[in-house]
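Coordinate inspection notes
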Amino acid sequence: MSRSTHEVSNQVPEWAGFNLYQTDRPLQEGVAREGAPWHDEALGRYGAQLGLKDTIALARDANRFKPELEAFDPCGRRVDRVRFHPAWHHFLGMAFEQGMHSSAWANPQPGAQVARAAVYLLHGQIEAGSLCPVTMTSAAIPILQKEPLFSTIGPPLYSRQYDSRDLPVEQKTGMTIGMGLTEKQGGSDLRANTTLASPLGVGGRGEAYRLTGHKWFFSAPMSDAHLVLATHEEQFSCFYVPRWHPDGHKNPIRIQRLKDKLGNCSNASAEVEFDGTHAVLVGEPGRGIVTLVKMAAYTRLDCILGSTALLRQGLVQALHHARHRKAFGRLLIEQPLMRSVLTDLALESEAATVLSLRLARALDNTDDPLEQAYRRILTPAAKFWVCKRAIEAVGECMEAWGGNGYIEEAPLPRLYRETPVNSIWEGSGNIMCLDVLRALKRQPELADLLGTALLRDCADDALLNSSAHQLLAVMSEAGPVQDACARYVAQELVLLTQANLLRRHAPAAVADGFIQSRFGGRGGRVFGVTAFKPATTGVLQRAWPL
Ligand SMILES: Cc1cc2nc3c(=O)[nH]c(=O)nc-3n(C[C@H](O)[C@H](O)[C@H](O)COP(=O)(O)OP(=O)(O)OC[C@H]3O[C@@H](n4cnc5c(N)ncnc54)[C@H](O)[C@@H]3O)c2cc1C
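Residues numbered from 1 in each chain as written. Predicted model: local features only at pLDDT ≥ 70, side-chain atom pairs only at ≥ 80, totals over all residues. Heavy atoms only, no water.

Turning our attention to the site of the ligand. Around the ligand, a shell composed of 20 residues is seen, among which L181, T182, G187, S188 and S219 lie nearest. Residue S188 places a side-chain N or O atom 2.6 Å away from an oxygen atom belonging to the ligand. N430 has a polar side-chain atom sitting 3.0 Å from a nitrogen atom of the ligand. Residues of the shell around the ligand, tallied by class, amount to nine nonpolar, nine polar and two charged. (Near = heavy atom within 4 Å. Polar contact = N/O pair within 3.5 Å; in protein donor to acceptor, adjacent residues only side chain to side chain. Nonpolar A, V, L, I, M, F, W, Y, C, P; charged D, E, K, R; others polar.)

Quick reminder: α-helices carry 3.6 residues per turn. Residues three or four places apart thus point the same way. With 12 residues, helix α18 (residues 508-519) extends 16 Å from end C-alpha to end C-alpha; this agrees with the ideal 16 Å at 1.5 Å per step. Those residues of α18 lying buried are V510, A511, F514, I515, R518 and F519. What you see down the axis of α18 is that its buried residues fit within an arc of 120°, all on one side. Looking at the buried residues of α18, the elements they touch are α10 (336-364), α11 (369-400), α15 (462-475), α17 (486-505) and α19 (537-543). Where α18 terminates, the next one or two residues include G521, which has phi positive at roughly 75°. (Helix = DSSP H or I, 4+ residues; strand = E, 2+ residues; numbered from the N terminus. Expected span 1.5 Å × (residues − 1). Buried < 20%, exposed > 50% of the residue type's maximum accessible area, 1.4 Å probe, protein only. Arc of directions from axis to C-beta. Contact = heavy atoms within 4.5 Å.)

Counting buried residues in strand β6 (residues 225-232) gives seven out of eight residues, a clear majority hidden from the surface. Direction of pairing for strand β3 (residues 177-180) relative to β6: parallel, over a ladder of four bridges. Paired with G180 across the two strands is V228, which belongs to β6. Bridge count for β6 against strand β7 (residues 235-242) is eight bridges, and the pairing is antiparallel. Looking across to β7, one finds that H226 is bridged to V241. (Pairing = 2+ DSSP bridges.)

Moving on: unusual backbone geometry. Phi at D80 takes a positive value of approximately 50°, unusual for a residue other than glycine. Within the fold, D80 resides in strand β2 (residues 78-83). Given the relative accessible area of 11%, D80 is considered buried. A positive phi angle is found at F328, which is not glycine, with a value near 55°. By relative accessible area, which is 84% here, F328 ends up exposed.

In this section: the packing of aromatic side chains. One pass over the full model with this rule turns up 11 aromatic pairs. Relative to Y158, the ring of F150 lies with its centre 5.7 Å away and its plane at 70°, an arrangement referred to as edge-to-face. You can call F150 buried: its relative accessible area is 13%. Centre to centre, the rings of Y209 and F239 are 5.0 Å apart; their planes meet at 70°, and the pair counts as edge-to-face. Residue Y209 is found in strand β5 (residues 208-219), and its partner F239 is found in strand β7; the two are separated by 30 residues along the sequence. F239 matches Y209 in its accessibility class, with the two residues each being buried. Just above the ring of W216 sits the side chain of K259; from NZ or CZ to the centre is 3.3 Å. Here the basic side chain of K259 rests over the ring of F217, its NZ or CZ set 4.3 Å away from the ring centre. (Phe/Tyr/Trp six-rings, centres within 6.5 Å; stacked < 30°, edge-to-face > 60°. Lys NZ or Arg CZ within 6 Å of the ring centre and 35° of its normal.)

Take it as geometry only, folks, not as evidence of what the structure does.
Here is the structure:
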């Protein structure tokens, strides 16, 4: 007769069946406040769909069964295809249905960017790899809208039907667009690019060229087209490179291999070569870097949103675990030190949420000068700060799960491996901070506006007021000394803005806790270090009410 060895006890119930939107108060309030209350119901439906056990299981599959390169057919002919697990296509189908790739351009109503940002914040919690093609497609649209070829690609770009087939765009119901900038010799320094463009005729905007060269990082290689940076007569221009040649044959974009990545595993990132590859010049000739940098305001916001989503899901998982797991006779959530850690994480998550929705609103109000300052100065600063904070925060959430958090069946390892990429691509941390300084220098009127608004908003709080004055003193210095302080400038701009947003829009316990821990000189360099007992109950209940 067999005897059971033990009973399974004190293990946490599976996290599934929750509505991601309706359990997220800061997100719901932000959506209403920043201009998209009309999207509330749709977000509720999507939040429920994402929280389903089946959806969560599919996300795991999409990342466990990584994309595979099919460079050749069985007879040795090049096909340059990528084979994905069906779960990948499922998530892209969901994203397309929500309009994450185009809704802000197809229906540019007030709050359109905020509504899209909120969908992104939900989707990114469950499957983050599919955000990459969605982001690049959305960011490419404002560039391509101005080009004659938009009459052909506009309808499939705006379509909400995801179409994974490898066919010329004219035969497809939906399409995606990628970006190819980074080469072996340089990614931050785009002037190091060597891919050559030769005109087939007179050359110029809308004209056909042939590309010869390579790209070292080329994500979503199965996209129907990429925007690629290449040089002609020592000037950089932006090119539209379709997957299929207008003559009906495959455009030679040779996939050399797929990157074996730390995270972001559901998505494919390739190394490619161009050999007489057909391309059409878009934007002003010789202004390719400027053209592509315009996309950066959108892609950088999406990095902030992606990291905010990962941080939120890490926090939710940590709170869920702490509410069910006991140690030393008490639930983890009842232990004062664990409460400090979780509270600190909740403050970080809410601060990231208010800021990212506020930055999304800045994209909805394109003409207002203060909104321009949010886009041009605060967005790169936030890309640096939020993406970095999420890496540390998700690691802390993993630790709240103890040993189980480190095991692949848990959701934390995937979240943890996913977070650093948002900090690296679309401009790494230092590049973001130097970009903040560049914007302050080149657009002093925006810098003044932002500085004046910060001083005004901080005036009635002693801690914030003194930090704001210190920051403005450093910002007014020039030259290489200031370059060395670029991370400080970006950090303080973000923290002060987050503090003011929380003071205005969050309960007092959240705002006070944030200001005390970030400006009171008692916060630590890791989460949960505090020399006083923080107010925890309201903050934790608000962060995850279940
Ligand atoms: C998974 C993944 C997918 C990607 N997909 C794409 C894609 O689809 N398309 C694409 O074009 N690129 C893509 N990239 C590339 C990415 O954008 C680059 O890796 C990134 O821009 C950094 O460029 P680099 O790798 O050449 O690093 P480098 O430019 O060599 O920079 C290395 C480090 O030095 C720092 N640094 C650089 N200059 C300075 C300076 N002046 N002062 C201080 N610090 C400095 C940077 O911040 C960085 O931390 C992808 C990257 C990854 C990891």
